[in-house]
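Below, each chain spelled out in residue letters.
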Amino acid sequence: MRFNRRSLLRGLSQGCAVSVALPFLDCFLDGNGTALAATAERIPTRFGTYFWGCGLTKELYLPKAVGQGYEMTPQLKSLSAYQKKINLISGLRAFADDNPNIQHWTGVAAISTGMAPSKDREFETQTIDQTIAGAIGHGTRFKSLAVACSGNKNESYSSLGGPNTNPPDVSPVGLYTRLFGPGFQDPSKGDWKPDPKVLLEQSALSVVDEDRKSLMQNVGAGDKARLEQYFTSVRELEQTMAAELQRPDIVAQVSIPSAPGEMPVNKSVPTLRKVVPVMAKLVALGLATDQTRVVNVALAEPASTIFMPGDSKPFHQATHEEPIDPALGYQPVTSQFSTYSMEMFAELVKALDDIKEGDGTLLDHSLILAYTDTGFAKLHTLEAIPMLLAGSASGRVKTGFHIAGEGGPVTRVGLTVQQAMGLAVESWGKASMETKKPITEILA
Amino acid sequence: MTKAARTLALASVIAVAATPALAAPWVRGFIVDQYEPAFYYGAKAGTMEAGTDCPKGTTPDNDYNALLKTKWRSDAEIAKVLKPATLEVDGTFNSGREFLLSAALRYRGFRRDIDTWVNPFAAPDPGMQEVTGKIAEGFDLDNNPRTGFISPTGRKGVDNNLYRVMGCGMAYRGKPFSSYLGTRANDKMLEGLFGIVIRVSGTKDPMNDDNAVVEVGYTPERIIKDPAGKVVPDYSYRIAKAAQYTKLNARIKNGVVKMEGGADIRMPVFSWFENNRGEITFHKARLELSLNPDTSLTGLVGGYIDWRQYYGRDTFDTSSSAGTRETYYHENQLAKYYALKRNADGLPDPKTGQNMGISAAFRLTGVRAYVRDSSQAVTINEPLSSNAAPTYRALFRKASMTAVIIPDPPRRQGEDDEIPAPKDKEQQTVRNEEGKSTNGRSSDP
């Protein structure tokens, strides 16, 4: 019998069928002891989102040039080192259609679901990261992860729809524990083996499966819908467990660090400057070690209240109270907060690009959608909402472009992202935001 | 042709050419693309600078220490309110500070249990930074050129005391259509909060017509914009002949339409949320519209507005109500009450002689459009409102008319923020003839 790294030993345990994954054996390597022989798999493409609130300053971020080689503007300066690996998309708009423009929310939902929301802080359907996770997230320990850099457990924009938001990790220690705490085995270590507890849990679930089928046949439509959602989670758990029984393939050159120490986590910009790099590095490690392939990072809430100690107003309040400087043509204090938001995004981009993976970096094998809620926070506008895409999705996305959206719907980005991630989707969005036009300039 | 015949022919041509065109019915339609209170800005640039209107510049941030000082509130109590109302507590952003502040600002009277937003007369007048300039836009509503402001074009006797009260406010100050709330409200109007159409018609000549008719009303249609956000001309909009519709006789001279006669005109309030939307009635109204050579419209509408209604909307609407105004917008509701009352200059109550109205003017611009009647009845959805807002507005009105303090009604936490869900979402939207909803709505932040 030929074995490969996916082979399972099968048998019976206390009357139940049990399958056990094999540990990583040298015979699975090619002659050089590096690439996986015979069943070599490609490096997975990862997806992520980075959300920041209250937009950017048009006068400070929008380049005059379109296409490649655009000038790097003051508000994007922190991303200069990565200009060739990111795309900037400007000028796209969200439509509320028959729904209200829910201030600091309609833009969020439009970009992440393609639909204008009807309720504040709820999505009409699952967010784009979950759609993509549904396609690529199985087979990893976590279908997706959410991270709230400011420490607020309500700040997650990853959702299954309605009030079903995926709760975020809110501290570096918490994120580290989730990724590399109990239940994690370093796949690069020689002593990796399937966790017996998981084996037992998995076998218990398979028994439940028969009862589940019987139950579904005997309940009404409403209960069936509820059970479907519940058992979808169970199925995902099963898949997670199956993944945990198999040693992840790690191509990235990483080693698991020791746990970070406790650190304050709040919305003070100096604090964020310390926390975000740590969170970004952990997120990158989580992707690199295939704990997950989908991550969502939220800097703060849509009506962002990041603040500078000593100032009298946080970001959001400044957007409304600070007048437009007649000489500058923009709000100087407000624009500074937008610049900080881009600096934090640059930390995430850096963390991904710092990890060598195959013939490139983790960033090269990822696609990160950075988005916000409004084009001009002072007025809560839905026009000209800026977005960025970092990474080339393993070569499926061309990078280094400034794309001028010219008033088209924001859903063009979501459609482009899904196609780049390999989803068979030809159109996306609803009503005025339904589009069949991906941004072909950046699709390889 | 003989010379005589040629001369006769030439004279005939000249005679025909000199004959004026025969009078014929005409119509001009417009969709309003900008609308705001007509507050004259007396500085050169920006929105904050000192100017002839406000020599001290725009109203600064409130001093909450001063605002909260009362005979019964000790310094320690004020500190207890303000400390947790600081930006951060122990390094963490204090997200509850606005609510803490608002809850305390509500009580500034001579006794701690008096809601001074309902009973503002229970606290002394803190003083209002009023406009002290001499120039204002508006109309001579009392036909007295010796009182009031002078218009930017030199017309005397302009009555616009709402401007006198509110014109130095941070939210309202700026050149036309560039104040903070001006830009915000117009953005929301164009986004679908509401639409106003104006149709001017006559039987002679749009430049000069003694028998013109002006119609002003809502449209259920969403305003059409180009990708740059500008309203696109020549689209078709229905005019809703609902309760908000006004039809007036007017005269046109050299392209300037003037309505006379002092009828009431009902216009939308200046709003930027669904639940601060509504109507304002200009009593003894005046209207002046310019039909511009480039086919656009500019205009002023003015009259006396109910100052208590104005205060009530500013104070008790759910979004951008007193709490927001006294924090974000640097306003002082108590000062506003006294200033509105002091500057009320029209609509005297026949019993008390008290002026119930304050002179006001709004400016607008319009883009050429086809304004058409609908073959079916069109209704405009009523604004969403919280349960509490109408209640408190009524309480304030009663209190201020009688000067009798009205105690707090029982209030559940967060009641002011409640917006009742529409019983039937379909009922809350305006429908077009095909039965499809067309109107956008906004909600509180």
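Residues numbered from 1 in each chain as written. Chains lettered and ligands numbered in written order. Predicted model: local features only at pLDDT ≥ 70, side-chain atom pairs only at ≥ 80, totals over all residues. Heavy atoms only, no water.

Asks: Whenever I open this one, the overall build of chain A confuses me. Can you help?
Replies: Secondary structure summary: chain A contains 10 helices and 12 strands in total. For chain A, restricting intrachain contacts to residue pairs at least 6 apart in sequence, the fraction spanning at least 24 positions comes to 70%. When the accessible surface of chain A is totalled, it reaches about 18,200 Å², and 53% of it is carbon and sulfur. (Helix = DSSP H or I, 4+ residues; strand = E, 2+ residues; numbered from the N terminus. Contact = heavy atoms within 4.5 Å. Areas by Shrake-Rupley, 256 points an atom, 1.4 Å probe, with all protein chains shown as cover.)

Asks: I tried to follow the sheet that holds strand E4 (residues 67-68) of chain A on my own but got confused; where do I start?
Replies: Backbone hydrogen bonds hold the strands of a sheet together, and the pairing may be parallel or antiparallel. All names here are of chain A. The mixed open sheet is built from eight strands, whose spatial order is E4-E12-E5-E11-E10-E3-E7-E6. The sheet is open, and its two borders are formed by E4 and strand E6 (145-148), each paired with just one other strand. Direction of pairing for strand E5 (residues 86-92) relative to strand E11 (residues 385-390): antiparallel, over a ladder of five bridges. Across the sheet, isoleucine 89 pairs through a bridge with methionine 387, a residue of E11. (Pairing = 2+ DSSP bridges.)

Asks: Just checking my understanding: could you explain the side chain of arginine 46 of chain A for this structure?
Replies: All names here are of chain A. Within the secondary structure, arginine 46 sits in strand E3 (residues 46-51). A polar atom in the side chain of arginine 46 sits 2.5 Å from the side chain of glutamate 357. Non-local contacts of arginine 46, meaning those with residues more than four positions away in its chain, are made with Leu287, Ala288, Arg293, Glu357, Leu362, His365, Ser366, Leu367 and Met421. (Polar contact = N/O pair within 3.5 Å; in protein donor to acceptor, adjacent residues only side chain to side chain.)

Asks: Please explain the packing of helix H7 (residues 269-288) of chain A against helix H9 (residues 332-353) of chain A as it appears in this structure.
Replies: Relative orientation and spacing of two packed helices are given, respectively, by the angle between their axes and the distance between those axes. Residues and elements named next belong to chain A. Taken N-terminus to C-terminus, the directions of H7 and H9 make an angle of 30°; their axes are 8 Å apart at the nearest point. Classified by the interaxial angle, the pair formed by H7 and H9 is roughly parallel. Seen from above, H7 lies across H9 with right-handed handedness. Side by side, H7 and H9 meet where Val269, Leu272, Arg273, Val276, Pro277, Ala280, Lys281, Val283, Ala284 and Leu287 of the first sit next to Phe337, Tyr340, Glu343, Met344, Glu347, Leu348, Ala351 and Leu352 of the second. Of the residues assigned to the contact of H7 with H9, the class counts are 14 nonpolar, no polar and four charged. (Axes fitted to C-alpha atoms, helices over the stretch in contact; angles between N-to-C directions. Parallel < 35°, antiparallel > 145°, perpendicular 65-115°, else oblique. Left-handed = near helix turned anticlockwise from the far one by under 90°. Nonpolar A, V, L, I, M, F, W, Y, C, P; charged D, E, K, R; others polar.)

Asks: Just to check I follow, could you spell out the pairing of strand E7 (residues 294-298) of chain A for this structure?
Replies: Along a regular strand, successive side chains alternate from one face of the sheet to the other. All names here are of chain A. Among the five residues of E7, five are classified as buried, and the element is accordingly described as predominantly covered. In E7, alternate side chains face the same way, and those of Val294, Asn296 and Ala298 on one face and Val295 and Val297 on the other are all buried. As paired elements, E3 and E7 share five bridges and run parallel to each other. Bridging from a neighbouring strand, tyrosine 50 pairs with valine 297 of E7. The pairing of E6 with E7 spans four bridges and is parallel. By the bridge assignment, leucine 145 is partnered in E7 with valine 295. (Buried < 20%, exposed > 50% of the residue type's maximum accessible area, 1.4 Å probe, protein only.)

Asks: Help me out: how do you make sense of the packing of aromatic side chains in this one?
Replies: Two measures describe an aromatic ring pair: the distance that separates the ring centres and the angle between the ring planes. A complete count under the given rule lists 25 aromatic pairs over all chains for this structure. Ring centres of phenylalanine 337 of chain A and tyrosine 340 of chain A lie 5.9 Å apart, and the angle between their planes is 85°; on these two criteria the pair is classed as edge-to-face. A residue pair is termed a helical-turn pair when its members lie 3 or 4 positions apart in one helix, as phenylalanine 337 of chain A and tyrosine 340 of chain A do in helix H9 at three residues. Judged by its relative accessible area of 1%, phenylalanine 337 of chain A is buried. For tyrosine 340 of chain A, a relative accessible area of 9% gives the class buried. Their ring planes at 25° and their centres at 5.9 Å tell us that phenylalanine 316 of chain B and tyrosine 392 of chain B sit as a pair that is stacked. Placement of the pair is phenylalanine 316 of chain B in helix H7 (residues 307-316) and tyrosine 392 of chain B in helix H10 (residues 388-402), with a sequence separation of 76 residues. Its relative accessible area of 7% is what places phenylalanine 316 of chain B among the buried residues. When its relative accessible area of 2% is taken as the criterion, tyrosine 392 of chain B is described as buried. Here the aromatic cluster, defined as three or more aromatic residues joined through ring pairs, consists of Trp307, Tyr311, Phe316, Tyr337, Tyr338, Tyr392 and Phe396 of chain B. (Phe/Tyr/Trp six-rings, centres within 6.5 Å; stacked < 30°, edge-to-face > 60°.)

Asks: Explanation requested: the nonpolar core in the structure shown.
Replies: A general tendency of soluble globular proteins is for nonpolar side chains to be buried together. With 100 residues, the main nonpolar core has Tyr35, Ile198, Val200, Val214, Met267, Phe282 and Leu289 of chain B as its most contacted residues. Ranked by size, the runner-up nonpolar core spans 58 residues in total, among them Phe142, Tyr340, Phe345 and Ala346 of chain A. (Core = buried A, V, L, I, M, F, W, Y, C linked by side-chain atoms within 4.5 Å.)

Asks: Help me out: how do you make sense of unusual backbone geometry in this one?
Replies: A negative phi holds for most residues other than glycine; trans holds for most peptide bonds. Its identity as a non-glycine residue notwithstanding, aspartate 234 of chain B has a phi of 70°, on the positive side. With respect to the element layout, aspartate 234 of chain B can be found in the loop between strand E7 (209-218) and strand E8 (236-238).

Asks: Where do I start with the confidence of the model for chain B in this structure?
Replies: The predicted coordinates of low-pLDDT regions are not to be read in fine detail. Residue and element names in this part refer to chain B. For chain B, per-residue confidence averages 85 on the pLDDT scale, and residues scoring 70 or more make up 82% of the total. Counting contacts from residues 415-445, a segment whose pLDDT is below 50, to residues more than four positions away or on other chains yields 99 contacts. Overall fold confidence (pTM) sits at 0.83, and the ipTM for the predicted complex is 0.81. (pLDDT = per-residue confidence, 0-100.)

Asks: What's the story with the environment of aspartate 61 of chain B in this structure? I'm lost.
Replies: With respect to the helices and strands, aspartate 61 of chain B occurs in the loop between strand E1 (26-37) and helix H2 (64-68). Residue aspartate 61 of chain B is classed as partly exposed on the basis of its relative accessible area of 39%. When the C-alpha atoms of aspartate 61 of chain B and histidine 330 of chain B are compared, they prove to be 5.1 Å apart, with 269 residues separating the residues in sequence. Setting aside its immediate chain neighbours within four residues, aspartate 61 of chain B contacts Lys313 and Glu321 of chain A together with His330 of chain B. Among the polar contacts listed, one links the side chain of aspartate 61 of chain B to the side chain of lysine 313 of chain A, at a separation of 2.7 Å. Engagement of the side chain of aspartate 61 of chain B in a polar contact is seen with the side chain of histidine 330 of chain B, the distance being 2.4 Å.

Asks: Looking at this structure, I do not really get the side chain of threonine 45 of chain A. What am I missing?
Replies: Mapped onto the elements, threonine 45 of chain A comes out in the loop between strand E2 (16-21) and E3. Among the polar contacts made by the side chain of threonine 45 of chain A, one reaches the side chain of serine 394 of chain A at a distance of 2.7 Å.

Asks: Teacher, can you tell me more about the state of the cysteines here?
Replies: Such a bond, covalent and formed between the sulfur atoms of two cysteines, is termed a disulfide. For the structure on display, the rule yields one disulfide over all chains. At a sulfur-sulfur separation of 2.0 Å, the disulfide partner of cysteine 54 of chain B is cysteine 168 of chain B. Classification of the bridge connecting cysteine 54 of chain B and cysteine 168 of chain B rests on its S-S torsion, roughly -100°, and on that basis the disulfide is left-handed. You can see cysteine 54 of chain B sitting in the loop between E1 and H2 and its partner cysteine 168 of chain B sitting in the loop between helix H5 (161-166) and helix H6 (180-193), a full 114 residues away along the chain. Judged by its relative accessible area of 1%, cysteine 54 of chain B is buried. Given a relative accessible area of 0%, cysteine 168 of chain B falls into the buried group. Cysteine cysteine 149 of chain A shares no disulfide, and the gap to the nearest cysteine sulfur, in cysteine 54 of chain A, comes to 16 Å. (Disulfide = S-S within 2.5 Å.)

Asks: In this structure, what is going on with the pairing of strand E10 (residues 256-259) of chain B? I would like to understand it.
Replies: All names here are of chain B. Of the two faces of E10, only one is covered, namely that formed by Val257 and Met259; the face formed by Val256 and Lys258 stays uncovered. Alignment of strand E9 (residues 246-253) against E10, held across four bridges, turns out to be antiparallel. Among the inter-strand pairings, alanine 250 is bridged to a residue of E10, identified as methionine 259. Linkage of E9 to E10, two consecutive antiparallel strands, is achieved through a turn of two residues, within which asparagine 254 is found at a positive phi near 50°. As paired strands, E10 and strand E12 (residues 279-291) are joined by four bridges and run antiparallel to one another. Each residue of the ladder has a partner; that of lysine 258, found in E12, is glutamate 288.

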